[in-house]
Amino acid sequence: RKARIAKGGPPISAPTAKAEIRVPAVGKEMRRSSAIMGSAEFLMGGILPMSAEELRISLPTAGTLISAFAVGALLGGPPFAILALRLPSRSSLFISQLTFLAVTVVSLLEQGYWAILLARFGMGLAYACFWSVAAATAVQLSPPDRRARPNMNTMATVAHTEAANEAMMAELTI
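Residues numbered from 1 in each chain as written. Predicted model: local features only at pLDDT ≥ 70, side-chain atom pairs only at ≥ 80, totals over all residues. Heavy atoms only, no water.

## Concerning the overall build of the protein chain
Applied cut-off: Helix and strand definitions follow DSSP, with helices as H or I runs of at least four residues and strands as E runs of at least two, each counted in order from the N terminus. Three labels apply to residues, based on accessible area from a 1.4 Å probe with only protein chains included: buried if under 20% of the type maximum, exposed if over 50%, partly exposed otherwise in between. For this analysis, residues touch if any pair of their heavy atoms sits within 4.5 Å. Only the protein chains shown count as cover for residues, with accessible areas throughout obtained via the Shrake-Rupley method and a probe of 1.4 Å.
When its secondary structure is counted, the protein chain shows 7 helices and 2 strands. Element order for the protein chain, N to C, with α for helix and β for strand: β-β-α-α-α-α-α-α-α. Taking all 174 residues of the protein chain together, the buried fraction comes to 31%. Considering only contacts within the protein chain whose residues lie at least 6 apart along the sequence, 69% involve residues at least 24 apart. Looking at the protein chain as shown, the accessible area adds up to about 11300 Å², and 67% of this sits on carbon and sulfur atoms.

Right, here's the structure in full:
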């Protein structure tokens, strides 16, 4: 490894190609999980008209299914972040993913508006718990000189997931 000199500062080590692409397995799994959970979050926006028709409700009322997820995430984030500190990260991540899976299955199997609304709220709560623990875990796994990178990757994953869902829904509605 060669070092380069910053103007007026100490030598800065140039990252090697191997260091750039090396991601711990847990980081890959958290990224995969966040993409899957993010897809479930954004998917409702793409199928909203179909959901309104199937549930026999107005489009604005169906929009509350999106809001329920958002409110669950908003209200669940701070308390779950604090509660998750009491458990090991692995347990918190596993429990939040299992909860998310369970309420997602409920939202898929239920036929009534209120049950789906509550399930979407529960999905938001579980998502908030996952994100609060995953973000802290990703930062802890990073070397000190790259602590901002996990948050940058998180935002890129969210943007990529939303773009992929938009493209998929465009194909389904044609």
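Following the structure, the description resumes.
## What about unusual backbone geometry?
Even without being a glycine, Arg 56 presents a positive backbone phi close to 60 degrees. For Arg 56, the location among the structural elements is in the loop between α3 (48-55) and α4 (59-84).

## Brief notes about the layout of surface pockets
In plain terms, the rule: A cavity, in this analysis, means grid points on a 1 Å lattice covering only the protein atoms where a 1.4 Å probe fits yet has no way out; a pocket is instead an open set bounded by protein on both sides within 12 Å along at least five of seven lines, and a residue lines either one if it has an atom within 4 Å of a point. Grid points are joined across faces, edges and corners, and a volume is the space filled by probe spheres set on the points. Only Asp, Glu, Lys and Arg are considered charged, only Ala, Val, Leu, Ile, Met, Phe, Trp, Tyr, Cys and Pro nonpolar, and every remaining residue, Gly among them, polar.
Roughly 470 Å³ of internal volume is contained in the second largest pocket. Forming the boundary of the second largest pocket are 18 residues, of which Met 44, Ile 47, Ser 51, Ser 107 and Leu 108 lie nearest the centre. Mapped by element, the contributors of at least two residues to the lining of the second largest pocket are α2 (25-46), α3, α5 (89-109) and α6 (113-141). Along the lines of polarity and charge, the residues of the lining of the second largest pocket split into 10 nonpolar, 5 polar and 3 charged.

## Topic: a nonpolar patch on the surface
Put simply, the test is: The patch calculation keeps residues exceeding 30% relative accessible area without a salt bridge and links them within 9 Å when they carry like charges or within 5 Å when they are nonpolar (Val, Leu, Ile, Met, Phe, Trp, Tyr). The term salt bridge refers to a side-chain nitrogen of Lys or Arg lying within 4 Å of a carboxyl oxygen of Asp or Glu.
Together, Leu 87, Phe 94, Ile 95, Leu 98, Leu 101, Val 105, Leu 108 and Leu 109 make up an exposed nonpolar region whose accessible area comes to about 820 Å². Here Ile 95 is to be found in helix α5. Judged by its relative accessible area of 45%, Ile 95 falls in the partly exposed class.

## With respect to the side chain of Ser 107
What counts here: Any pair of N or O atoms that falls within 3.5 Å is considered a polar contact. Within protein, one atom must be able to donate a hydrogen and the other to accept it, and sequence-neighbouring residues count only if both atoms are side-chain atoms.
Structurally, the position occupied by Ser 107 is in helix α5. In this structure the side chain of Ser 107 is engaged in a polar contact, spanning 2.8 Å, whose partner is the backbone oxygen of Thr 104.

## Describing the packing of aromatic side chains
Note the cut-off: Stacked, edge-to-face and tilted labels apply to pairs of Phe, Tyr and Trp rings (six-membered ring for Trp) whose centres lie within 6.5 Å, assigned for plane angles under 30 degrees, over 60, and everything in between, in that order.
Evaluation of the coordinates by the stated rule reveals 5 aromatic pairs. Seen from their ring centres, Tyr 127 and Trp 131 are 5.8 Å apart, and the 80 degrees between their planes marks the pair as edge-to-face. Note that Tyr 127 and Trp 131 are positioned in helix α6 at a spacing of 4 residues, about one turn of the helix. Grouping aromatic residues by their ring pairs yields a cluster made of Phe 69, Phe 100, Tyr 127 and Trp 131.

## Regarding α4
Quick reminder of the rule: Working rule for helices: expected span equals 1.5 Å times residues minus one. One axis fitted to the seven residues ending at a residue, another fitted to the seven starting there: the angle between these axes is the bend at that residue.
An ideal rise of 1.5 Å per residue puts 38 Å on 26 residues; α4 measures up with 36 Å between its terminal C-alpha atoms. Within α4, the axis deviates most sharply at Gly 77, by approximately 45 degrees, and proline Pro 78 lies no more than four positions further along. Of the residues making up α4, those classed as buried are Ala 62, Gly 63, Leu 65, Ala 68, Phe 69, Gly 72, Gly 76, Gly 77 and Ala 84.

So, to be careful, I would describe these as geometric facts and stop short of saying anything about function.
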